[in-house]
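Given next are the chains, with one letter for each unit.
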Amino acid sequence: MARSGGRATSRFSQRTCPGKVAESAVWLSLWLLLAPSAAEAGLYTASDQILLLSPGNVEAALINSTAAMVVEFYASWCGHCIAFSPVYKSLARDIKEWKPAVNLAAIDCAAEDNRKVCAAYRIRGYPTIKFFHAYSKADSTGLAFKDFSRDVRSLRHTIIDKLETHVEAWPPACPPLEPTSQAEIDVFFETNNVQHLALIFEDAKSYVGREVTLDLLQFENVAVRRVLNTEAGLVTKLGVTEFPSCYLYYPGGNFTRLPVNIEARTFYSYALQRLPGVVRSGRPPSFSTVFHINTTEEPWRPFNKSRVYMADLESTLHYSLRVELAAQPVFRGEALRALKKYISVLAKFFPGRPVVVNLLKSVNSWLQTETSGQISYEAFKDVLENSAQTPNAALPEGVRWVGCQGSKPHFRRYPCGVWTLFHVLTVQANGTGGSDPLEVLSAMRSYVQNFFGCRPCAEHFENMAAESLMEVNSLPSAVLWLWSRHNRVNNRLAGALSEDPKFPKIQWPSPEMCSACHTVKENGEHRWNREQVLPFLLGYFSSSSILTDYLDSESQIVEKQKKKRAALLAEKPLERRIREALDSTKPPPSPQPAVQEEEEEEEEEGPQDEAVADEEEEEDGGEVKPEPTPWSKAEVEVGRGRRLVHRKPSIVGMRMREQQEDIVDLDSFVNQHYRAKALRLAASSRVKQRSLQRQEEQEPRSAFELGMELDGGLGMVGLQPLEADLELDVGRQRKRPQKRELSGRFLDRELNHRGRWMSVLSIGFSKLDISLCVILYFMSSMCLLAMYLFFKTRLRPRRAKVALP
C-alpha cells in the first residue's frame, strides 16, 4: 500500500483517510439507515440490520472506524452464500445490542461495481468473513474467519475471540471483557458511577459473561464483570456453588443472587435490563406504572399488560377505516382488491360487539356486490357511516387507547393496534377452522403494502413476507409466523427513537408472562418452545380473553350515530335551499287550457317559432342542454325538444302597447324576499355560480327582481329591472333572455345600446327619483359656478397708481 507523507492513502480513490472518530460514527449511523441502492439487489436489505457496503462507503466503514467490523464477502449467485444468508441475518439480530462496539456488514462481490473492492481485499472464494479491528489502517485486509461454523453461537464466539485480539486501540464503546478480581471489585464503586454491578461467575471456557457484558453495552446504571471460578476469594465471599450464576453486588459488600428461570445468557440479559434505574443510553429513567402519567391531554387509563382490550381494536378500526383509507380518494386495481380482502377478513373474523360486526358485514356485502373497476372513498364512507340505516350497526368514532397507549402521543398507539388486530384475526381464523391459512396474512400484507402510512415500515414488512410467507401451510403456522415476525420487528426497533422508554420492545412473551415458552438447547442457547408458545397465543388473543373496559355501550354508540345523521339531515343540501328560495318567488303555474292554446298558437305560427329555436341552439354552441337541477325552474318540453314558453296574447299584425312601469314599494319588497335571497347569498361563497332557467312571466308588465350581488369589499345589494316581454322589431323577432344567473343578471345579448345604459342608470330608482337627482346636480353646478366667479372678482389684482414727482 502506498503511503504519502506518513499518511495512508486509499486503494480505490487515492483520497486521504478521514482520521476523525466523530465523522466516522456519523457516517456509520447514516449508512445503517440508508443503504445504497446497488447493494439492495443482493442477498440482504436494510431490514436485516446489516450495513450494506459499496465503493462509496467501504473506506469510511472499515478504515479508522471506532467500531470493530465483521464483513461477509459473498456472491449473490453462490448457492452456499444463499444458504448461509439466513444464519448471517440471525447473527445480526442476535448481536444487535453490541453496537457500536461491533457492527456487521456485507458486500456483494458479484455486482460489477463491487468487484474492485473485493479484489483489493484479496477475496478468492465465497462466502468469506473477515474481522476488521477498530481504527484499522488503510492497508489492512482484515482477519479471515477460517473454517467457520454455520451456526450463530459459534460465529458469536469467534467475534469475541477476534475482539479480544485488539492490542493498540480498544473500541471506545466496548467495556472490558477480561476477568475481574476481588481487589478490583472492592474499589469498583469508588471509580464507577453505576447503580448495579452484576458479577457473572463461570469457568474459563464460558462465553456467557462476555456476551452479557456486550448485551448490556447500550444500557446505563449497570455494569457487568466476569469472575472465573478460580477467583476463590469472591467465590467464597458470595457463596457461589453453581457456574454459571449471576450475583448483584452493591456498595458496602451487600449482594444478592439475580433470580432467573434458567442460568443462561438470554435470561441474564433480560433480567438485568429491567432492573430499577437501568435505562437505555440517552433515555430518561422509567418509573412505576402506578404513578405513570403520559404527556397527552387524555387521562391515563390503568390496564392489565397480560390482556387485550376491545377499546384498542375498535380504535384501530376507526383510524384504519376513517383516516388511513381516506388518504386514497379512489380505490382501483390492486388497492381495490386489497380493500375488499381487508374488509372481508374483518367481517369474517373480527370478534367485536354485535353493533360493530353488523356494520362490517354490511360494508363487506356492499363491497362484494360492487363490480365497477373503481370505488370512491366518499361512496365507501357513506356505507361506513351506515347511510342505509341498517339496524343495530355502527362503528364508534374516535380513538381510546388502553393497552396500546403510550407515554407520549407519538409512541405506540396505532402501530400497536394494527399488530394486535391481526394477531386476534389469525387466532380467530384458527378457531373457526378457516380453509385458507394465508387468508388473514395475505390481507394484512396487501393492506400494509397499499394503505399503511409508514412507508419504510411497509417495505420492511414486505421484505419479511416475501422471504418466508409462503412457508405458512396451516392455520397454527400462520399464528406462529405473525408472532415470530413481530418479535423480529421488536428486535430491529429496540433502542430506536420510536421505542417508548416506558414500554421497551422485547422478545415477547417475556419469561414472567410465559415461563414455559422459554427454554435452552444443550449448548445453553435460548430456544423458543413453540409447543408452549402456540397455546399461549391462542389463549391470549382469544375472543373470550378480550376485556371491554373503557367502552361506551352499544346503545350509546347507536344513539350517537342517530344524532350525527340527524345533524347531517338538518343541514339541508344546497340544492334544496336554493330550490325553496326560488319557489318563494315563483309565479303560480298557468292553467292547462292556456297551455293547450299556446300549443295551438305555436303550431299556427310554425316557421317563426322554429327559427327562434334554431337561433337559441346556435347561441348555445351546439352543446347538449343539461338536465334540470333541483334548484332550476321546471320546464315543459313539447314536440321535438322545443321548450314550451308562456307568451303574451297578441293579434297578428298588431303590437301590444307595453304597460308603463309601476313604482314599487322597495321596503315592502325587500322585507318579503330578503330571507330567501340571503340564503342564496350565503351559498354563493361556497359553490360555483350556477345559472337558473329563465322565468316565464305571466302578465304583460315589467317586474323587479332582487339581485343579491354581494361585493367582497362593499357588500352592496342592488335592484335590477327584469324585462318580461319580447319586443318585435321590423322583419325579425327579438328573442327573450334564456337564462338568468343567481346574482340577478340575465343573458340577453340583443339589448340595444340605449337599453343597456338605461338599465344601469335606473337600477332601483323610479323616474321621479331620477328627476330629483338631475335637478340637484344642476343646482350644485350653478352654486359652484357662482362661487368661482365671486372669488375670481375678489382676487383680481388692482392696478397700481403712478405717483408724480
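Residues numbered from 1 in each chain as written. Predicted model: local features only at pLDDT ≥ 70, side-chain atom pairs only at ≥ 80, totals over all residues. Heavy atoms only, no water.

J.: Before we go on, may I ask you to explain the sheet that holds strand 5 (residues 102-108) in this structure?
T.: Whenever strands of a sheet pair, they do so through backbone hydrogen bonds, lying parallel or antiparallel. Sheet architecture is open: five strands sit in the order 3-5-4-6-7, paired in mixed fashion. Two strands close off the open sheet at either side, each with one partner strand: strand 3 (51-52) and strand 7 (143-144). Relative to strand 5, strand 4 (residues 68-74) runs parallel, the two being bridged by seven bridges. Bridging across to strand 5, Tyr74 finds its partner in Asp108. Helix 5 (residues 152-163) contacts strand 4, strand 5, strand 6 (128-132) and strand 7 of the sheet and is inclined by roughly 35° relative to strand 6. (Pairing = 2+ DSSP bridges. Helix = DSSP H or I, 4+ residues; strand = E, 2+ residues; numbered from the N terminus. Contact = heavy atoms within 4.5 Å. Axes fitted to C-alpha atoms, helices over the stretch in contact; angles between N-to-C directions.)

J.: Looking at this structure, I do not really get the pairing of strand 11 (residues 245-249). What am I missing?
T.: Regular strands place side chains that alternate from one sheet face to the opposite one. Burial within strand 11 is extensive, with five of its five residues counted as buried. In terms of strand pairing, strand 8 (residues 196-202) meets strand 11 through five bridges, oriented antiparallel. Within strand 11, the position partnered with Leu199 by the bridge is Tyr247. (Buried < 20%, exposed > 50% of the residue type's maximum accessible area, 1.4 Å probe, protein only.)

J.: What is the right way to read the pattern of salt bridges from this model?
T.: Once their charged atoms are close, side chains differing in charge can pair, the charge on each being opposite to the other. Under the defined criterion, the tally for this structure stands at 22 salt bridges. Residues Arg156 and Glu525 are paired through a salt bridge, measuring 2.3 Å at the closest nitrogen-oxygen approach. One end of the pair, Arg156, is in helix 5; the other, Glu525, is in the loop between strand 17 (518-520) and strand 18 (526-528), with 369 residues separating them in the sequence. Arg156 gets classed as buried once you look at its relative accessible area, which sits at 0%. Its salt-bridge partner being Asp552, residue Lys560 comes within 2.9 Å of it at the nearest N-O pair. In this structure, a network of salt bridges that share partners links the residues Asp94, Arg156, Glu211, Asp215, Arg265 and Glu525. (Salt bridge = Lys/Arg side-chain N within 4 Å of Asp/Glu carboxyl O.)

J.: Any chance you could explain the confidence of the model for the chain here in plain terms?
T.: As a note on interpretation, predicted positions should not be read in detail where pLDDT is low. Across the chain, the average pLDDT comes to 77, with 68% of residues at or above 70. Low pLDDT (under 50) marks residues 1-39, which in the prediction has 61 contacts with non-local residues, meaning those over four places away or in another chain. Every residue in residues 800-805 is under pLDDT 50, and counting partners more than four places away or in other chains gives zero contacts. (pLDDT = per-residue confidence, 0-100.)

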